[in-house]
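A closer look at the structure
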Amino acid sequence: MIDEILDKSKKREELTDDELLELLNIQNDEDREKLFKTAVEIRNSISKEIKLTSTIHITNKCQIQPRCNFCGFAEKTSSKGYYSAFYKSDEEIFKAAKSIQEAHIPRVSCSGGYGYKGRQAIKAAEIVKGNTDLELLINVGGDLTGKSINRLAELNTDTVCCNLETINEDVFNNAKPGEKLFDRILVCQMISNAGIELSSGLLLGLGESMEDRLKHLHYLNNFKTLGEIPIMGFNPYDETPMANHPPFPLKEQLKIIAVTRIMYPEIRITVPTPTIGPKNVEYSLNAGANNLATVIADNYPFEVKGVGSPSYGNYNDVVGVIKKLGLKPQTI
């Protein structure tokens with residue numbers, strides 16, 4: 001049965017939900033490898049180029065209350081993350097962006113905490129777009145207004161990310177008690193309406209079911225400018241309310257990546273190297289991913305702590321893995 005489903009996917013025939021769930025529920029190692037191979041074939045038939053995305057963390061001063069139960073990014077949430085408060089100056093953002101361009105990394109994600117209605121995002125976009133040739137992704141979640149999104153469009157921001165994390169509202173409310181799922185959906189719709197490429201993805205292992213994950217993947221198709229789906233497995237931060245919540249298994253994360261590739265052959269599937277682990281980048285590429293995020297070059301002037309883990313991906317190591325697999329890292 002698995003072989004028949006994979007044959008259909010290679011022919012770009014639409015799979016039923018039952019067939020997709022059968023792929024997601026694979027437990028046999030041999031079938032799992034067949035799934036990954038199919039996903040890679042689909043990706044490589046379109047392009048063997050792998051995008052690299054670096055990062056500038058603008059601020060960890062986040063005004064969401066109560067805080068997200070898994071967050072180790074915001075100030076004073078975890079000693080393993082950014083514990084001390086910061087808000088990067090214009091000069092620091094400029095210096096970081098220039099270092100990324102000099103390292104030939106083509107794309108940067110500028111991310112930050114809530115409470116600014118997009119002002120932190122606009123400031124970063126003005127600096128990056130005004131002084132570099134970098135592709136720009138803005139990620140301040142739902143902390144955007146229609147006005148700030150339109151300004152990001154005017155600045156030629158390439159992509160804006162607003163992850164829904166999960167579309168199971170009960171699970172969302174439990175993990176993110178200071179936010180509403182509806183508000184994030186509204187921001188995604190405003191981004192799409194503004195004509196900016198939307199990045200929106202899944203945080204796996206919060207308590208959602210397999211059916212929830214599949215429903216989520218289908219739901220993303222409602223946004224006409226969807227161009228990127230980040231897929232992140234939960235990893236706990238010490239000292240947070242979810243510190244004892246189990247990390248999401250890598251094998252399960254890889255199956256979601258592969259099935260997402262089958263459902264969205266041309267989409268950019270992003271795996272943040274801190275979330276999957278720098279040493280596991282090879283596995284994500286071998287499951288169909290084609291964008292590696294939080295890639296940091298040696299010349300980066302500031303400390304970086306990843307969202308999902310306090311480690312990050314070294315540029316030279318990541319590029320080495322990509323080339324070893326016969327793939328081409330995108331550089332500038």
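Residues numbered from 1 in each chain as written. Predicted model: local features only at pLDDT ≥ 70, side-chain atom pairs only at ≥ 80, totals over all residues. Heavy atoms only, no water.

A closer look at the overall build of the chain
- In terms of regular secondary structure, the chain is built from 13 helices and 12 strands.
- For 332 residues, the compact-globule formula gives about 20 Å, and the C-alpha radius of gyration of the chain, at 19 Å, lands near that figure.
- Here the C-alpha coordinates of the chain stretch approximately 55 × 40 × 40 Å along the principal axes.
- Going through the 332 residues of the chain one by one, you find that 58% of them count as buried.
- Taking contacts inside the chain between residues at least 6 apart in sequence as the whole, the part at least 24 apart equals 75%.
- Carbon and sulfur atoms make up 47% of the accessible area of the chain, which totals about 13800 Å².
- For the chain, the separation between the mean place of its 39 positive charges and that of its 44 negative charges on side chains is 5 Å. (Helix = DSSP H or I, 4+ residues; strand = E, 2+ residues; numbered from the N terminus. Rg over C-alpha atoms; globule rule 2.2 N^0.38 Å. Buried < 20%, exposed > 50% of the residue type's maximum accessible area, 1.4 Å probe, protein only. Contact = heavy atoms within 4.5 Å. Areas by Shrake-Rupley, 256 points an atom, 1.4 Å probe, with all protein chains shown as cover. Lys, Arg positive; Asp, Glu negative; His and termini not counted. Charge placed at Lys NZ, Arg CZ, Asp CG, Glu CD.)

Thoughts on the UniProt feature "domain: Radical SAM core" (unreviewed entry) in the chain
- Residues annotated by UniProt as "domain: Radical SAM core" (unreviewed entry) correspond here to residues 48-272.
- For residues 48-272, the helix share is 35%, the strand share is 20%, and the end-to-end C-alpha distance is 19 Å. (UniProt positions renumbered as here; feature names shortened; annotations may be inferred.)

Focus on the packing of aromatic side chains
- Summed over the entire model, instances satisfying the criterion amount to five aromatic pairs.
- Both rings, one in Tyr 219 and one in Phe 223, keep their centres 5.9 Å apart while their planes meet at 80°; by these two values the pair is edge-to-face.
- We classify Tyr 219 as partly exposed; its relative accessible area is 29%.
- Overall, the relative accessible area of 3% leaves Phe 223 in the buried class.
- Members of the aromatic cluster, connected to one another through ring pairs, are Phe 73, Tyr 82 and Phe 86. (Phe/Tyr/Trp six-rings, centres within 6.5 Å; stacked < 30°, edge-to-face > 60°.)

Here we look at helix H6 (residues 146-154)
- If you check which residues of H6 are buried, you get Ser 148, Ile 149 and Leu 152. All buried residues of H6 project into a common sector of 100° when viewed along the axis, lining one side. With respect to the buried face of H6, the exposed residues turned more than 90 degrees away are Lys 147 and Glu 154. (Arc of directions from axis to C-beta.)

Comments concerning helix H10 (residues 250-263)
- In this model H10 runs 20 Å from its N-terminal to its C-terminal C-alpha over 14 residues, within 8% of the 20 Å that 1.5 Å per residue would give.
- The buried count for H10 comes to 11 of 14 residues, which makes it a mostly enclosed element.
- Those residues of H10 that fall on the buried side of the exposure criterion are Glu 252, Gln 253, Leu 254, Lys 255, Ile 256, Ile 257, Ala 258, Val 259, Thr 260, Arg 261 and Ile 262. (Expected span 1.5 Å × (residues − 1).)

What about the confidence of the model for the chain?
- Put simply, the chain has an average pLDDT of 95, and 96% of its residues get 70 or more.
- In the model of the chain, helix H11 (residues 273-276) stands out as the element of lowest mean pLDDT, 71, in contrast to strand S5 (residues 197-199), which has the highest, 99. (pLDDT = per-residue confidence, 0-100.)

Examining the UniProt feature "binding site: [4Fe-4S] cluster" (unreviewed entry) in the chain
- Feature annotation in UniProt assigns "binding site: [4Fe-4S] cluster" (unreviewed entry) to the following positions: Cys 62, Cys 68 and Cys 71.
- Tracing the backbone shows Cys 68 in the loop between strand S1 (49-59) and helix H4 (90-102).
- A residue is classified by how much of its surface remains accessible, and Cys 68, at 12% relative accessible area, is buried.
- Note on placement: Cys 71 falls in the loop between S1 and H4.
- Overall, the relative accessible area of 17% leaves Cys 71 in the buried class.
- Not counting residues within four places of it along the chain, the set of residues in contact with Cys 71 comprises Thr 77, Tyr 237 and Thr 240.

A few points about the pattern of salt bridges
- Applying the stated criterion across every chain yields a total of 23 salt bridges.
- Between Glu 30 and Lys 34 there is a salt bridge whose closest N-O contact spans 3.9 Å. A residue pair is termed a helical-turn pair when its members lie 3 or 4 positions apart in one helix, as Glu 30 and Lys 34 do in helix H3 (residues 29-46) at four residues.
- Between Asp 90 and Lys 123 there is a salt bridge whose closest N-O contact spans 3.7 Å. Note that Asp 90 is positioned in helix H4 and Lys 123 in helix H5 (residues 119-131), a separation of 33 residues in sequence.
- Relative accessible area serves as the criterion here: at 44%, Asp 90 is assigned to the partly exposed category.
- For Lys 123, a relative accessible area of 16% puts it in the buried group.
- By sharing partners, the salt bridges in this structure join Asp 3, Glu 30, Asp 31 and Lys 34 into a single network. (Salt bridge = Lys/Arg side-chain N within 4 Å of Asp/Glu carboxyl O.)

Let's talk about the side chain of Lys 88
- Note on placement: Lys 88 falls in the loop between S1 and H4.
- The side chain of Lys 88 is buried and forms no salt bridge, while Glu 92, the nearest opposite charge, is found at 6.2 Å.
- Apart from residues lying up to four places away in sequence, Lys 88 is in contact with Ile 56, His 57, Ile 58, Ile 93, Lys 123 and Phe 302.

Digging into the environment of Thr 38
- Mapped onto the secondary structure, Thr 38 falls in helix H3.
- As for Thr 38 and Ala 258, which are separated by 220 residues in sequence, their C-alpha atoms are 8.0 Å apart.
- Leave out the neighbours within four places in its chain, and Thr 38 touches Leu 6, Ser 9 and Lys 10.

Things to note about the environment of Tyr 82
- Locating Tyr 82 in the fold gives a position in the loop between S1 and H4.
- According to the relative accessible area criterion, Tyr 82 is buried, its value standing at 7%.
- For the pair Tyr 82 and Lys 305, spaced 223 residues apart in the sequence, the C-alpha separation amounts to 6.7 Å.
- Leave out the neighbours within four places in its chain, and Tyr 82 touches His 57, Asn 60, Gly 72, Phe 73, Ala 74, Glu 75, Lys 76, Glu 303, Val 304 and Lys 305.
- From its side chain, Tyr 82 meets the backbone nitrogen of Lys 305 in a polar contact 3.0 Å long. (Polar contact = N/O pair within 3.5 Å; in protein donor to acceptor, adjacent residues only side chain to side chain.)

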